[in-house]
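Understanding the architecture of this molecule
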Amino acid sequence: MTYPNFSINTDALARAGYGPRWENQLRGILAVLFMAVLPLASATKVQDMPLKDMVQGATQIAVATSDSVYGRTADGSILLKGQFRTGPGLGNVLVSKMRIVRVLRGNALRKGEVRDVEFWPGWHMDTDLAAKSDHYPVILMLKESEGSLVPVFPPEPWIDSRLEKDVLGLLKVKK
């Protein structure tokens, strides 16, 4: 493993009264910080799932729009307004109230029904960013798990509705 090459102005350190020992300590501290942050940076890295696999894994597929977004804290409290952040280790979840516009597969979803669908808690999100998706049509792909419906591919609980033709094509192939 290679470590980053930190550029330290040794002349400035020497003028300030710090010698080579301080320079080595500073390099060590920076290297440790880099190593500590590296796993956090890769913690939310998720491999993509092909659309074909998402469609095959979904027992329920529907076109839906987000009516609103709210937050649920780690202790279960609901926040309807205000800043709310999610991400690894925070324990908070953003939830979108999804209104079903049209059902493409399955019988657990009904047109006009509103379902709560959680955003993946691994994304760094906030309510302002999530609210930008309100009323924008998406394709919701869910599967049954332990008596409830969960996203087929949690990091992306829905996909852009412009892919509806592709999804319909894959559904026809399966029939």
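For clarity, every value in this text was computed on a predicted model and none was experimentally measured.

**What to know about the overall build of the protein chain**
Per the secondary structure count, the protein chain includes five helices and nine strands. Reading the protein chain from its N end, one meets helices and strands in the order α-α-α-β-β-β-β-β-β-α-β-β-β-α. By residue count, 32% of the 175 residues in the protein chain fall in the buried class. Accessible surface for the protein chain amounts to roughly 11,100 Å². Of this, 56% is attributable to carbon and sulfur atoms.

**A word on the nonpolar core**
Within soluble globular proteins, side chains that are nonpolar tend to cluster in buried spots. Counting residues in hydrophobic clusters, the biggest one holds 15 residues, and the most contacted among them are M98, I100, L109, L140 and W158. Within the second largest apolar cluster, 13 residues are counted, among which are M54, V152, V167 and L171.

**Some points on unusual backbone geometry**
The backbone of E146 shows a phi angle near 50 degrees, a positive value even though the residue is not glycine. Using a relative accessible area of 83% as the deciding quantity, one classes E146 as exposed.

**Brief notes about the pairing of strand β8 (residues 148-151)**
Relative to β8, strand β7 (residues 138-145) runs antiparallel, the two sharing four bridges. Considered in β8, the bridge of K143 is made with V150. The loop that links β7 with its antiparallel partner β8 comprises two residues; one of these, E146, has a positive phi angle of about 50 degrees.

**Some remarks on the pattern of salt bridges**
A complete count under the given rule lists six salt bridges for this structure. Notably, a salt bridge pairs D116 with K97, separated by 3.0 Å at the nearest N-O pair. In this pair, D116 sits in strand β5 (residues 114-118) while K97 sits in strand β4 (residues 93-105), placing the two residues 19 residues apart along the sequence. The exposure class assigned to D116 is partly exposed, which follows from its relative accessible area of 42%. With a closest N to O distance of 2.8 Å, R115 and E113 form a salt bridge.

**Notes on the environment of P154**
Along the chain, the position of P154 falls in the loop between β8 and β9 (158-160). Of the residues examined, P154 reaches a relative accessible area of 38% and is grouped as partly exposed. The spacing of P154 and G122 is 32 residues in sequence and 9.4 Å in space, taken between C-alpha atoms.

**Re the environment of G122**
Residue placement: G122 occurs in the loop between β5 and β6 (125-126). Since its relative accessible area comes to 10%, G122 is described here as buried.

**Thoughts on the side chain of S66**
Mapped onto the elements of the fold, S66 is located in strand β1 (residues 60-72). We classify S66 as buried; its relative accessible area is 3%. A polar contact is formed between the side chain of S66 and the side chain of S96, at a distance of 2.6 Å.

**Points about the confidence of the model for the protein chain**
The predicted model of the protein chain has a mean per-residue pLDDT of 75, with 64% of residues at 70 or higher. Every residue in residues 38-44 scores below 50 in pLDDT, and together they form five contacts with partners more than four places removed in sequence or on other chains.

**Some words on the packing of aromatic side chains**
Here the structure, examined in full by the defined rule, presents one aromatic pair. Here the aromatic rings of F119 and W158 are separated by 5.1 Å at their centres, their planes lie at 85 degrees, and the arrangement is edge-to-face. Here the residue F119 occupies a position in the loop between β5 and β6, and W158 occupies one in strand β9, the gap between them amounting to 39 residues. Residue classification places F119 among the buried residues on the basis of a relative accessible area of 8%.

How each quantity is defined
Residues numbered from 1 in each chain as written. Predicted model: local features only at pLDDT ≥ 70, side-chain atom pairs only at ≥ 80, totals over all residues. Heavy atoms only, no water. Helix = DSSP H or I, 4+ residues; strand = E, 2+ residues; numbered from the N terminus. Buried < 20%, exposed > 50% of the residue type's maximum accessible area, 1.4 Å probe, protein only. Areas by Shrake-Rupley, 256 points an atom, 1.4 Å probe, with all protein chains shown as cover. Core = buried A, V, L, I, M, F, W, Y, C linked by side-chain atoms within 4.5 Å. Pairing = 2+ DSSP bridges. Salt bridge = Lys/Arg side-chain N within 4 Å of Asp/Glu carboxyl O. Polar contact = N/O pair within 3.5 Å; in protein donor to acceptor, adjacent residues only side chain to side chain. pLDDT = per-residue confidence, 0-100. Contact = heavy atoms within 4.5 Å. Phe/Tyr/Trp six-rings, centres within 6.5 Å; stacked < 30°, edge-to-face > 60°.

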